[in-house]
Amino acid sequence: MDYWRWTESAWKDPDVPDWRGAMVTAGVDIGSTSTQAVILLDGKLYAYANMRTGSNSPNSALEAMNRAMEGTGLTLEDLRFTVGTGYGRVNVPFAHKSVTEITCHARGANYLYGPTVRTILDMGGQDCKAIGCDAKGAVTSFMMNDKCAAGTGRGMEVIANLLAVPVEEIGPLSLSIDGEPEPVSSVCVIFAKTAATGLMRAGWSKEKVLAAYCLAMAIRVVRLLERNGVEEDFAITGGIAKNSGVVRRIERLLGITALKTDLDTQIAGALGGALIAGDLLRKRQASGKG
Amino acid sequence: MIAHYGFEDGSGVFYITIDTGKCARCEDRGCAGGCPEGLFALEPDDEDIPVAGIREQARNALKAACAACKPLERRPALLPCQKSCGLEAITHSW
Ligand code: SF4
Ligand code: SF4
């Protein structure tokens with residue numbers, strides 16, 4: 001069994017019968033482990049897809065967009081302006097422009113959580129970013145840590161495989177124990193493997209090891225957040241935002257409750273890209289080039 | 001925007017911070033040629049104005065890259081990158 005395998009998603013607004021006549025813009029976020037495509041109609045969320053990144057970035061971009069367009073009747077030609085973002089942003093063959101993921105994440109979080117968001121923690125597959133932003137979703141500060149997989153989806157996947165626990169069950173299991181263990185001494189995935197194996201041998205339950213690992217991860221990202229500055233409201237984006245074991249511990253350490261959304265927290269970058277695509281298209285139209 | 005590039009590991013905290021709001025009104029963009037390791041790159045910000053950043057490939061290796069500029073003894077008051085920036089937009093965490 002692939003314990004690390006997380007659930008891909010796709011969504012379409014059931015209340016919108018037809019997109020024709022609307023301004024259609026899109027964003028594609030190619031990350032190291034996941035790719036998202038988002039479609040907006042007149043600046044409002046219409047459809048999205050979230051999938052694992054394949055070995056070929058342009059194909060992943062196309063596949064994600066096809067999944068988002070599925071059942072809508074849309075084709076690539078109908079996308080008036082598309083922004084590519086993420087580490088593979090220059091590999092989106094149908095994008096009109098690429099924009100950095102920090103800018104897109106802040107803008108996307110502003111839409112997902114509202115204009116009161118001032119601090120965003122994006123926990124992606126391979127890196128972790130603390131972002132400060134204003135009421136319009138413009139970035140005021142950022143700090144990232146991509147030196148090691150600690151605090152990232154990749155680190156969580158390694159632990160899932162090691163302990164043979166489906167990655168989506170790590171959070172609830174880690175919260176099912178009474179009290180809180182000491183955090184594992186290192187969240188570096190290499191050392192954490194050794195530490196986790198040692199703790200299991202010493203008789204710790206899987207749940208307790210997971211709690212220790214989630215706590216260590218939370219401590220690490222809170223340090224990053226505090227270095228960049230924390231101002232309320234606070235929100236978490238990316239795959240780890242779905243891990244209640246890490247989220248609750250971050251909230252406890254910060255003494256702040258993170259805003260929540262019913263939408264997929266992994267779409268923030270692509271959503272921001274699609275919103276920026278709308279801005280750029282409007283600018284072009286205003287200057288007579290659109 | 002206050003941009004922090006770098007990392008933290010067991011040996012310390014290694015970030016270069018750039019106040020890119022200052023870059024927007026910078027005329028000579030001295031940082032681009034002021035670092036012997038060529039760590040700085042100009043990239044368009046949200047308004048399409050070129051602002052300074054640290055090259056992506058260098059961000060995880062700043063401790064080693066900057067070592068020659070930071071001797072343990074007689075470290076200069078201003079590092080070459082800081083000297084090259086007339087608007088005092090660059091700070092180092094270590
Ligand atoms: S010289 Fe200083 S102000 Fe000018 S672009 Fe470089 S870092 Fe920015
Ligand atoms: S300390 Fe030296 S190597 Fe490091 S950024 Fe400044 S000029 Fe470049």
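The rules behind these values
- Throughout, residues of each chain are indexed from 1 in the direction in which the sequence is written.
- Note on labels: chains are lettered from A, ligands numbered from 1, in written order.
- Two thresholds apply to this predicted model, a pLDDT of at least 70 for residue-level local features and 80 or more for giving and counting side-chain atom pairs, whereas whole-chain, interface and lining totals are computed over all residues.
- For helices the rule is a DSSP run of H or I covering at least 4 residues; for strands it is a run of E covering at least 2, with both sets numbered from the N terminus onward.
- C-beta atoms are first placed from the backbone for all residues, and any pair lying within 7 Å is then listed as a contact.
- In short, DSSP must find at least two bridges between two strands for them to pair.
- A fitted line through C-alpha atoms serves as each axis, taken over the contacting stretch for helices, and the angle formed by two N-to-C directions is quoted from 0 to 180°.
- Partly exposed residues are those whose C-beta has more than 12 but fewer than 20 other C-beta atoms within 10 Å; 20 or more makes a residue buried and 12 or fewer makes it exposed, with C-beta atoms placed from the backbone.
- Roughly parallel means an angle under 35 degrees; roughly antiparallel means over 145; roughly perpendicular covers 65 to 115; every other angle is labelled oblique.
- Charged residues are taken to be Asp, Glu, Lys and Arg, nonpolar residues to be Ala, Val, Leu, Ile, Met, Phe, Trp, Tyr, Cys and Pro, and polar residues to be all remaining types, Gly included.
- When the near helix sits turned anticlockwise from the far one by under a right angle, the crossing is termed left-handed; a clockwise turn instead gives a right-handed crossing.

**Some points on the environment of Ile-131 of chain A**
Next up, step 1: Mapped onto the secondary structure, Ile-131 of chain A falls in strand S8 (residues 128–133).
Next up, step 2: Sequence-distant contacts of Ile-131 of chain A, defined by excluding residues within four places in its chain, comprise Ile-102, His-105, Ala-106, Ile-120, Asp-122, Val-139 and Phe-142 of chain A.

**Focus: the sheet that holds strand S2 (residues 12–19) of chain B**
Next up, step 1: Taken in spatial order, the seven strands line up as S10(A)-S7(A)-S8(A)-S9(A)-S1(B)-S2(B)-S5(B) in an open sheet, and their pairing is mixed. Taken across any chain shown, the strands that pair with only one partner, and hence form the sheet edges, are strand S10 (234–237) of chain A together with strand S5 (90–92) of chain B. Mean inter-strand twist for the sheet, computed between neighbouring axes without regard to direction, equals 15°.
Next up, step 2: Two elements, strand S1 (residues 2–9) of chain B and S2 of chain B, share eight bridges in a ladder whose sense is antiparallel. For Phe-7 of chain B, the partnering residue across the bridge sits in S2 of chain B and is Phe-14 of chain B.

**Concerning helix H7 (residues 244–254) of chain A**
Residues and elements named next belong to chain A.
Next up, step 1: Along H7, the positions that sit buried rather than exposed are Gly-245, Val-246, Val-247, Arg-249 and Ile-250.
Next up, step 2: On its buried face, H7 is in contact with helix H4 (170–174), helix H6 (206–228) and S10.
Next up, step 3: Of the residues flanking the end of H7, it is Gly-255, one or two places downstream, whose phi is positive at about 70°.

**Considerations on the packing of helix H2 (residues 101–113) of chain A against helix H8 (residues 268–286) of chain A**
Residue and element names in this part refer to chain A.
Next up, step 1: Closest axis-to-axis distance for the H2/H8 pair is 6 Å, and the angle between their directions is 90°. Overall, the two elements H2 and H8 adopt an arrangement that is roughly perpendicular. Between H2, through Glu-101, Thr-103, Cys-104, His-105, Ala-106, Arg-107, Gly-108, Ala-109, Tyr-111 and Leu-112, and H8, the contact on the second element is made entirely by Ala-268, Gly-269, Leu-271, Gly-272, Gly-273, Leu-275 and Ile-276.
Next up, step 2: Split into classes, the residues belonging to the contact of H2 with H8 amount to nine nonpolar, six polar and two charged.

**What about the packing of H6 of chain A against H7 of chain A?**
All names here are of chain A.
Next up, step 1: Two elements in contact, H6 and H7, have axes separated by 8 Å at closest approach and are oriented at 50°. In terms of axis orientation, H6 runs oblique to H7. Where H6 crosses over H7, the handedness of that crossing is right-handed. Taking contact as the criterion, the partners of Leu-210, Ala-211, Cys-214, Leu-215, Met-217, Ala-218, Ile-219, Val-221 and Val-222 in H6 are, on H7, Gly-245, Val-246, Arg-249, Ile-250, Leu-253 and Leu-254.

**Quick notes on the interface of chain B and chain A**
Next up, step 1: Counting residues at the interface gives nine residues for chain B and eleven residues for chain A.
Next up, step 2: Broken down by class, the residue content of the side of chain B that touches chain A amounts to four nonpolar, two polar and three charged.
Next up, step 3: As paired strands, strand S9 (residues 139–145) of chain A and S1 of chain B are joined by three bridges and run parallel to one another. Bridge pairing in S1 of chain B links Met-143 of chain A to His-4 of chain B.

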